[in-house]
Amino acid sequence: MNIEKAILAVITTNKEKIAGGAPIFLCETKQELELIAANLEAIMDGIAHALSEELFIIVKH
Amino acid sequence: MSEYIYPILFGVVAGTISRILLLRTDYRQYPTYLHGKIIHLSLGFIAASLGALAVPALLEKEFTAVTLLTVAATQFRDVRNMERNTLTEMDSFELVTRGKTYIEGIAISFESRNYLVMFTGFLTSLSYILWNVFIAIIVAIVCFVLGHILMSGSVLEDIVKIDQADISFDGAGLYVDNIYIMNIGLAERKKEIMKYGMGFIVTPKNMNAISTIGNLGQRQAIIHDVSVALGVFRDSGTPALTPLIKRDLDDGRLGVFILPQIRDVAVAKKVIGSVPVLENAVRMPSETNAYKKGAHKK
């Protein structure tokens, strides 16, 4: 089977909500979260999707 | 000199001219290069020669010469392969890809044009031999016109209505009118999208059009053509800035989200309207027997 989409990274300000799997980036503030997500998006060539205000994922499409 | 030399020459010339007429470099930018054109003109010349030669061969009762035509068919199928391979190779380097359906459509038309050229060569040399050069000229002109009609398929404008629509964000979700397009996380990207994005709603005119524009290849063709004609605000490192088309499941309308560099609504509508309806995407549910027998009555 060929997996087309993959979560490359998880970025969050709320560490209660996450566990294991993809690399996780914990942030203190919303600004930091946006900054890291923007950088990761550019580096990984993936898209930063917002699942909620405090939880972003980088997805390779 | 053989009595057939003039008819054959006439057929070859007429066929080659018809290939030249069919070989236009338009907004699809293909084939752009001199070399590409020479390939197709040479193949057109070969096709015309084959068509023109077939008539004297038959008249001389050399029936085995017809088997030469099967060689021609193989040859032109290779033309399709060649076009398909080239375009597929290049597609991965396009900012907005053409899509396989569009490529197949282009490849098929390259093959079929050679057959048209062959018929032109055949018919013109035949009429030259049977009647005279003037009738052959008339036949050639009829062939040019027919070839032109046969080779111009319908465009999207014939089967849909196109309206501009607002783009908006509901949280992270990007919408064109009420159609969900994608999830954009970063505030910076959202700003860019609101600034550069444009939305259109494509409403199908009938049931057949719903299925046709639902085809993913047809949708990719729309995005590709718009991006070629109007430019695209996008680069390799910014996958979030992707023109996309999504479908309204309720009524089959399409939400077209594009990121053009030339932000002109009227031009954009015109470009979307003149996207070719891809042969491979056409569906005709209204032609099924169940509908014809009147099972579908309102």
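Residues numbered from 1 in each chain as written. Chains lettered and ligands numbered in written order. Predicted model: local features only at pLDDT ≥ 70, side-chain atom pairs only at ≥ 80, totals over all residues. Heavy atoms only, no water.

Identification of chain B as YIEGIA protein from Oceanobacillus polygoni is taken from an unreviewed UniProt entry.

A few words on the interface of chain B and chain A. Across the boundary between the two partners, chain B contributes 13 residues, which contact twelve residues of chain A. When residues of chain B are sorted by the area they lose upon contact with chain A, N183, L186 and P239 of chain B head the list and together hold 51% of the total. Put simply, E41 of chain A and R189 of chain B hold a salt bridge, and the shortest N to O gap is 2.6 Å. At the junction of chain B and chain A, the tally comes to five residue pairs in polar contact (both at pLDDT 80 or more). A per-element tally of the side of chain B that touches chain A places helix α6 (residues 187–196) of chain B first, with three residues. Within the side of chain B that touches chain A, the residues separate by chemical class into six nonpolar, five polar and two charged. (Contact = heavy atoms within 4.5 Å. Buried area = accessible area lost by both parts, 1.4 Å probe. Salt bridge = Lys/Arg side-chain N within 4 Å of Asp/Glu carboxyl O. Polar contact = N/O pair within 3.5 Å; in protein donor to acceptor, adjacent residues only side chain to side chain. Helix = DSSP H or I, 4+ residues; strand = E, 2+ residues; numbered from the N terminus. Nonpolar A, V, L, I, M, F, W, Y, C, P; charged D, E, K, R; others polar.)

The subject of this paragraph is a nonpolar patch on the surface. On the surface, a nonpolar cluster with roughly 770 Å² of combined accessible area is contributed by F134, I137, I138, I141, V142, V145, L146 and I149 of chain B. Along the chain, I149 of chain B turns up in helix α5 (residues 133–151). (Patch = residues over 30% accessible without salt bridge, like charges linked within 9 Å, V, L, I, M, F, W, Y side chains within 5 Å. Areas by Shrake-Rupley, 256 points an atom, 1.4 Å probe, with all protein chains shown as cover.)

Accessible area lost upon the coming together of the parts serves often as the stated size of an interface. All names here are of chain B. Here chain B is partitioned into domain 1 (5–152) and domain 2 (157–287). Between domain 1 and domain 2, the C-alpha centre-to-centre distance is 35 Å. If you look at the interface, domain 1 gives 13 residues, while domain 2 gives 18 residues. Both faces combined, the contact of domain 1 with domain 2 buries some 1,300 Å², and carbon together with sulfur accounts for 63% of it. For domain 1, the biggest contributors to the area lost against domain 2 are L95, V96 and T101; these three give 45% of the whole. The interface formed by domain 1 and domain 2 includes zero salt bridges. Joining domain 1 to domain 2, the criterion identifies four residue pairs in polar contact (both at pLDDT 80 or more). Of the residues in the side of domain 1 that touches domain 2, the class split is five nonpolar, four polar and four charged. (Domains from an automatic or database assignment.)

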